[in-house]
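Below are the chains, spelled out letter by letter.
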Amino acid sequence: MLQFSCFDTALGCCGIAWSEQGIKGSQLPEENAGLTRERMRVRFRTASEAAPNAQVLRAIDAIQRLLAGDPTAHADLLELALDQSEVAEFNQRVHAITRQIPLGQTLTYGEIALMLGQPGAARAVGRAEGDNPFAPIVPCHRVLGAKGASGGFSAHGGAQTKLKLLAIEAAAAGQMAAEQRALF
């Protein structure tokens, strides 16, 4: 059974969907809570709105803390079980690497392609990040274009939201936003 819930964060109303296998998807804030709820209904057509279970409450807490700048939230998000039954295998591999990017650090699409052993796959990595159903649990906002360009971002507000998330995380890691370290 697929269920979803909406919840408040420092950046606005987010959404989360879950199944018996784990978190099915999450949603960064839209312009207002009503739009977030509508986006969840469209993305998860067969889901019913429900009160979160204990695992989902842990996920909500970690997302709220991440978006408020708590540096300990990243570790808690890594522990969440994700239901990736409808996520392509390549995308799962991209998301597994992305999920491991520490708070305050970034990678480029090309670096992830290299880590996958597919140096020419930067655009495919970008598409996989764009299709990420788990933002910010899978922190695709930590993946940048070549030479640190922000690249695209499908959440409400686009690249500005991506940069805002990076600034929150930079502050949580004790950095200025421009000081975010690459892993390499």
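Residues numbered from 1 in each chain as written. Predicted model: local features only at pLDDT ≥ 70, side-chain atom pairs only at ≥ 80, totals over all residues. Heavy atoms only, no water.

**Points about the overall build of the protein chain**
Line of reasoning, step 1. Helices and strands together make up the secondary structure of the protein chain, namely 7 helices and 7 strands.
Line of reasoning, step 2. When the helices and strands of the protein chain are read in sequence order from the N terminus, they spell out β-β-β-α-β-α-α-α-β-α-α-β-α-β.
Line of reasoning, step 3. The globule rule puts the C-alpha radius of gyration for 184 residues at 16 Å, and the 15 Å found for the protein chain is close to it.
Line of reasoning, step 4. Expressed as lengths along the three principal axes of its C-alpha atoms, the size of the protein chain is roughly 40 × 35 × 25 Å. (Helix = DSSP H or I, 4+ residues; strand = E, 2+ residues; numbered from the N terminus. Rg over C-alpha atoms; globule rule 2.2 N^0.38 Å.)

**Here's the deal with the sheet that holds strand β2 (residues 12–19)**
Line of reasoning, step 1. Taken in spatial order, the 4 strands of this open sheet run β3-β2-β1-β4, and their pairing is mixed. Of all the strands in the sheet, the pair left with one neighbour each is β3 (22–27) and β4 (48–49).
Line of reasoning, step 2. Relative to β4, strand β1 (residues 3–9) runs parallel, the two sharing 2 bridges. Looking across to β4, one finds that Phe4 is bridged to Glu49.
Line of reasoning, step 3. In this fold helix α1 (residues 33–43) packs onto β1, β2, β3 and β4, with an angle of close to 20 degrees to the strand it touches most, β2. (Pairing = 2+ DSSP bridges. Contact = heavy atoms within 4.5 Å. Axes fitted to C-alpha atoms, helices over the stretch in contact; angles between N-to-C directions.)

**A short note on the nonpolar core**
Grouped burial of nonpolar side chains is what soluble globular proteins tend to show.
Line of reasoning, step 1. In this structure, Ile16, Ile23, Ile63, Leu77, Phe134 and Ile137 are the most contacted members of the largest nonpolar core, which totals 27 residues.
Line of reasoning, step 2. Contributing elements (two or more residues each) for this core: β2, α2 (54–67) and α3 (73–78).
Line of reasoning, step 3. Once residues lying within four places of it in the same chain are set aside, the contact partners of Phe134 are Ile23, Lys24, Gly25, Ser26, Leu82, Asp83, Gln84 and Val87.
Line of reasoning, step 4. Ile101, Leu107, Ala121 and Val125 belong to the second-largest nonpolar core, a separate cluster that totals 13 residues. (Core = buried A, V, L, I, M, F, W, Y, C linked by side-chain atoms within 4.5 Å. Buried < 20%, exposed > 50% of the residue type's maximum accessible area, 1.4 Å probe, protein only.)

**Quick look at the pairing of β1**
Line of reasoning, step 1. Where burial is concerned, most of β1 is hidden: 5 out of the 7 residues are buried.
Line of reasoning, step 2. Alignment of β1 against β2, held across 7 bridges, turns out to be antiparallel. The residue bridging Gln3 from the neighbouring strand is Trp18, located in β2.
Line of reasoning, step 3. Count of turn residues in the β1/β2 antiparallel hairpin: 2 residues.

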